[in-house]
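What follows is each chain in one-letter form.
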Amino acid sequence: MREQQRSDKIFVVIITLISIFLYLIPTGFPIQDDDYVRSKAKILAVDNQNVHQRGVVKTGVQGVSIEIMDGIYKGERVETTNTLLGKLEMDKLFQEDDVALVVIKGEQGKIQAANLIDHYRLDVEGILFALFALVLFWYARWTGVKALLSFIFTILILWKVLWPLFLKGWDPIIVSQLVVCLIVGCVTFLIAGLNRVGVVAFLGTISGTIAACIIGIIFGDLFKVHGAVVPFAETLLHVGFSHIDLTKIFLAGIFLASSGAMMDVAMDIAVSVAELVEQKPSITRKEVITSGMNVGRAVVGTMTTTLLLAYSGAFTALMMVFMAQGTAVVNILNLTYIAAEILHTLVGSFGVVLVAPFTAILAGWLLVPHSATLVDRGNKVQEKENIQ
């Protein structure tokens, strides 16, 4: 037990150091406007005379008076504008006493221009993250610390490795599989420990992601779905990244997004089987695999619906539009972006289903001691001799 705790702490330190290293390394895509200053600004007054409303949509230009709250221009006041494009998902409307993020262009210590980016949310986001961490620590204690570390590691590996390599033209399928291996390895070995349970959960998850990858490639071609269905995909092409294979990025996103659910299934089965083996050391591999399959059926039964709800939530408004307009179901199911979501959901669910038997079989071979199987065989031979 002490040896396990020691190796557990060493692994935590290693992941922490790797996370710090990832945080410090550059992405290779530096911020282009280094001469600009970003600051918080308080909205002193707004002028809505040139804002025009048509239904719920507002267009025009909002005049805004702001006071800089931090940085080298703290205390200075400036007049600026906020252009409304009539797109509710992109427009922001300010009111008096709001706090905004502003990008300032200065020269010789004076403000030349100030561009309102959006409402300032870093403080609220920080509070929410702190509350999440506190509740996680309170409930899960040391496991909560490891869970938060894996959470941070995942964010950093996506930000510093996955997305930059995509932009540099690396193969999205291969890069995503490698990144999934890193993330799954970090999470499973942090939570389960550096032991056979972690190995079972890790290999079970990876087997599911590989299966989902293969199925996604096959049916992605049959569905004739291209990568432009991904939000802002065309924008990448227009800003100079025409070499990127958007279709592969879309397919990679399928098993990347579902790998978390696969990891849950694999971990549930691995831990359950490990507990069973510990309580009954004489159990045979066949019995362990059967028990793992039974646990997997229960977990998969809910997890597939979980994926459906997770994926369909983003399309709630769109489906309401179709229903309000009386669009035929056959039309809806043949639209490219709807077919893409169907592919996303079914392939991800396919991977989750396959993880269960893979993990159950792996658990039977890796968690049941070979000696236990030999003892069981010896007992059966002895029973046969006694009967004779």
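Per an unreviewed UniProt entry, the recorded name for the chain is YibE/F family protein, and the organism is Pelosinus fermentans JBW45.

A. Region of interest: the packing of aromatic side chains. Tallied over the entire structure, the rule returns eight aromatic pairs. Aromatic side chains F132 and F151 sit 5.6 Å apart centroid to centroid with 50° between the ring planes, which places their arrangement in the tilted category. Here F132, found in helix α2 (residues 122–140), pairs with F151, found in helix α3 (residues 142–167); they are 19 residues apart in sequence, far enough to count as distant. For F132, a relative accessible area of 37% puts it in the partly exposed group. Just above the ring of Y36 sits the side chain of K105; from NZ or CZ to the centre is 5.3 Å.

B. A look at the nonpolar core. If you look at the biggest cluster of nonpolar residues, it comprises 71 residues, and the most contacted ones within it are I157, V179, V265 and V352. Among the elements of the structure, α1 (2–24), α3, α4 (172–192), α5 (196–223), α7 (246–279), α8 (285–312) and α11 (336–367) are those that each provide at least two residues to this core. The biggest single contributor to this core is α7, with 18 residues.

C. Structural context of the packing of α7 against α8. The N-to-C vectors of α7 and α8 enclose an angle of 150°; their axes lie 9 Å apart at closest approach. By the angle between their directions, the pair α7 and α8 is classed as roughly antiparallel. For the pair α7 and α8, the crossing hand works out as right-handed. In this structure, α7 uses I254, A257, S258, A261, D264, V265, D268, I269, S272, V273, L276 and V277 to contact α8, whose residues at the interface are V288, S291, G292, V295, G296, V299, V300, M303, L307 and Y311. Taken together, the residues of the contact of α7 with α8 sort by class into 15 nonpolar, five polar and two charged.

D. Spotlight on the pairing of strand β5 (residues 99–107). Where strand β1 (residues 37–47) and β5 come together, six bridges link them in antiparallel fashion. Bridge pairing links K42 to V99 in β5. Note that β5 and strand β6 (residues 110–119) share eight bridges and pair antiparallel. Within the sheet, the bridge partner assigned to A100 lies in β6 and is H119. In this antiparallel pair of consecutive strands, β5 and β6, the connection spans two residues, and Q108 shows a positive phi of 55°.

Thresholds, definitions, all that
Each chain carries its own residue numbering, running from 1 in the written order of its sequence. Only residues with pLDDT of at least 70 get local features here, since the model is predicted, and only at 80 or more are side-chain atom pairs given and counted; chain-wide, interface and lining totals rely on the full set of residues. Only hydrogens and water are set aside; all other atoms, that is, all heavy atoms of the structure, feed into the side-chain values. Paired rings are identified among Phe, Tyr and Trp, the last through its six-membered ring, by centres lying within 6.5 Å, and are further divided according to the angle between planes into stacked (under 30 degrees), edge-to-face (over 60) and tilted (the rest). The numbering of helices and of strands both runs from the N terminus, where a helix is a DSSP run of H or I of at least 4 residues and a strand a run of E of at least 2. Relative accessibility decides the category of a residue: with a 1.4 Å probe and only protein chains considered, values under 20% of the type maximum give buried, values over 50% give exposed, and everything between is partly exposed. Comment: the charge-over-ring label is applied if NZ (Lys) or CZ (Arg) is within 6 Å of the ring centre and within 35 degrees of the ring normal. The criterion is simple. A nonpolar core is a set of buried Ala, Val, Leu, Ile, Met, Phe, Trp, Tyr and Cys residues joined through side-chain atoms within 4.5 Å. Comment: axis = line fitted to C-alpha atoms, over the contacting stretch for helices; angle = value between 0 and 180 degrees taken between N-to-C directions. We call two directions roughly parallel when the angle between them is under 35 degrees, roughly antiparallel when it is over 145, roughly perpendicular when it lies between 65 and 115, and oblique otherwise. Whether a crossing is left-handed or right-handed is set by the direction in which the near helix is turned from the far one by less than a right angle, anticlockwise for left-handed and clockwise for right-handed. Contact definition: two residues touch when any of their heavy atoms are within 4.5 Å. In this classification, Asp, Glu, Lys and Arg are treated as charged, Ala, Val, Leu, Ile, Met, Phe, Trp, Tyr, Cys and Pro as nonpolar, and every other residue, Gly included, as polar. Should DSSP find at least two bridges between two strands, the strands are regarded as paired.

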